[in-house]
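Here are the chains, one letter per residue:
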Amino acid sequence: MFDQREEELIRVWHDGLAGEVQLRAIVPGSPAGDRVRAFAERLGTLASRVRVSMDLGRGAERPVILVGSRLRCLGAPQGTALGPFLEALQRFGTVAATRDAGDTDVRGLEGADVRVYVSPHCPHCPVATRELLRLLELEPRVTLTIVDAELFPELAASDRVRSVPTVLVAHQYRSTGDVAIDEILRALHGAAPDSDVIGRLLDGGDADSVAAMMVESGNVFPAVLDRIAHDAMTFRLGAMAAMERLIETAPDVARRAEAGLWERVAGASREATGDLLYVIGEAGTSASVPWLETFYDTTRDDDLREAVADALARIAERTE
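Going along each chain's sequence as written, the residues are numbered from 1 onward. With pLDDT at 70 or above as the cut-off, local features in this predicted model cover only qualifying residues; side-chain atom pairs require 80 or more to be listed or tallied, and sums for whole chains, interfaces and linings still use all residues. Side-chain descriptors were evaluated using all non-hydrogen atoms of the structure, hydrogens and water having been removed beforehand.

Quick look at the overall build of the chain now. Summing up its helical and strand segments, the chain has 16 helices and eight strands in all. Each radius of gyration is computed over the set of C-alpha atoms, and the globule rule expresses the reference value as 2.2 Å times the number of residues to the power 0.38. Computed over its C-alpha atoms, the radius of gyration of the chain comes to 25 Å, more than 25% above the 20 Å expected for a compact globule of 320 residues. For the C-alpha atoms alone, the extent of the chain along its principal axes is close to 80 × 35 × 35 Å. Out of the 320 residues belonging to the chain, those deemed buried represent 50%. In the chain, once contacts between residues fewer than 6 apart in sequence are set aside, the share between residues at least 24 apart is 73%. Using a 1.4 Å probe, accessible areas were evaluated by the Shrake-Rupley method; residue-level cover was limited to the displayed protein chains. In the structure as shown, the chain presents an accessible area of about 15,000 Å², 49% of it carried by carbon and sulfur atoms. Mean positive and mean negative side-chain charge positions of the chain (35 and 51 charges, respectively) differ by 6 Å. Per the convention used, a helix needs a DSSP run of H or I reaching at least four residues, while a strand needs a run of E reaching at least two, with both numbered from the N terminus. Under the scheme applied here, a residue whose accessible area is under 20% of the maximum for its type counts as buried, over 50% as exposed, and between as partly exposed, the area being computed with a 1.4 Å probe on protein chains only. Whether two residues are in contact is decided by their heavy atoms: any pair within 4.5 Å suffices. His is not counted, nor are the chain ends; Lys and Arg add positive charge and Asp and Glu add negative charge. In plain terms, the charge of a residue is placed at NZ if it is Lys, CZ if Arg, CG if Asp and CD if Glu.

Another aspect to go through is empty space enclosed by the protein. Every definition here rests on a 1 Å grid over the protein atoms only: cavities are sets of points where a 1.4 Å probe fits but cannot get out, pockets are open sets enclosed by protein on both sides within 12 Å along at least five of seven lines, and lining residues have some atom within 4 Å of a point. Grid points are joined across faces, edges and corners, and a volume is the space filled by probe spheres set on the points. The tally for this structure, following the rule as stated, stands at two cavities of 30 Å³ or more. Here the largest cavity defines a volume of roughly 180 Å³. Residue lining of the largest cavity: 19 residues in total, with Cys 73, Pro 77, Ala 81, Val 118 and Ile 146 positioned closest to the centre. Taken together, the elements giving at least two residues each to the lining of the largest cavity come down to β4 (71-74), α3 (82-92), α5 (125-138) and β6 (143-148). Put simply, Ala, Val, Leu, Ile, Met, Phe, Trp, Tyr, Cys and Pro go in the nonpolar bin, Asp, Glu, Lys and Arg in the charged bin, and everything else, Gly too, in the polar bin. Residues belonging to the lining of the largest cavity are distributed by class as follows: 13 nonpolar, five polar and one charged. In terms of lining, the second largest cavity is formed by Gln 172, Tyr 173, Glu 183, Arg 186, Ala 187, Ala 191, Ala 192, Pro 193, Asp 194 and Val 197. For the lining of the second largest cavity, a count of residues per class yields six nonpolar, one polar and three charged.

Tracing the sequence through the fold places Glu 183 in helix α7 (residues 181-188). What makes Glu 183 buried here is its relative accessible area of 11%. Here a polar contact is recorded for every N or O atom pair within 3.5 Å, except that within protein the pair must consist of a potential hydrogen donor and a potential acceptor, and residues adjacent in sequence are included only if both atoms are side-chain atoms. There is a polar contact of 3.2 Å between the side chain of Glu 183 and the side chain of Tyr 173. Not counting residues within four places of it along the chain, the set of residues in contact with Glu 183 comprises Tyr 173, Asp 194, Asp 196, Val 197 and Arg 200.

The rule for a salt bridge is simple: a side-chain nitrogen of Lys or Arg has to be within 4 Å of a carboxyl oxygen of Asp or Glu. Following the criterion strictly, the structure yields 25 salt bridges and no others. Measuring nitrogen to oxygen at the nearest pair gives 3.4 Å for the salt bridge that ties Arg 162 to Asp 206. Of the two residues, Arg 162 sits in the loop between α6 (153-158) and β7 (166-169) while Asp 206 sits in the loop between α8 (195-203) and α9 (207-217), which places them 44 residues apart along the sequence. Since its relative accessible area comes to 9%, Asp 206 is described here as buried. Among the ionic pairs, Glu 317 bridges to Arg 314, the shortest N-O distance being 2.6 Å. Note that Glu 317 and Arg 314 are positioned in helix α16 (residues 302-319) at a spacing of three residues, about one turn of the helix. A network of salt bridges, in which partner residues are shared, links Glu 7, Arg 11 and Arg 42.

Below is the structure:
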């Protein structure tokens, strides 16, 4: 289960324990469950101060290791994931922390479960995991789930995880790479993602995730509209893709962008105005018709007049 280096790490860690720590392993019958069971049993053998409670997990969908009341690990932490796991076990696996399991009050938080996907071969994952462990101390109502993306590829695929570390807060926040605690706290308390979060996702080609976040929140993020109105085409393209995906999957949510799009037409460049008019045509309602007609009458730009005509035609198709 563990190689020589990992066993030495466990022994050194065990020597530094001030007292006993506890973990609970839920291990339904499956290859992944067998791996988690072997991990927990071997850890208990190497470290006598680790008290392992084994649950056969009848009916459980996946194996999981529970540490205290707010840390869950879907996997058998090895490689680069082992060190942060041992640190977490030392900090959150004490008798007091385990006794408080189930007392967490998550009312008032938009997405109390923070999920991070890691890999035992990822050199950057330990830094992200340690930052998120710090989050548990900053926000006592949060739970953290650490998922081995290699052991559970179906989970990674369902969350559209393409690289690690990837952090998710429901559909309010997604980030790959560096962990920004302040951004996660904002997402936990229901704030719309700021322009940096949206920019990283769109620049990374993840327009689908931005669209999914908007569907979940029920609103169109101002940062997306700002990008559609940006002078640089590279900024607009990703935002346009996110809006097109939103229009396809949740047109009722997309319609809430109508007023914000019009607000950004004033002062936008000619090229950005064309894109704004296109999105208005795709997402707008009959409320946009007077604005479009006024714009058509006042502009002398033939290309923009054509864009207005196209937008009016698209709105008419949907409202007939």
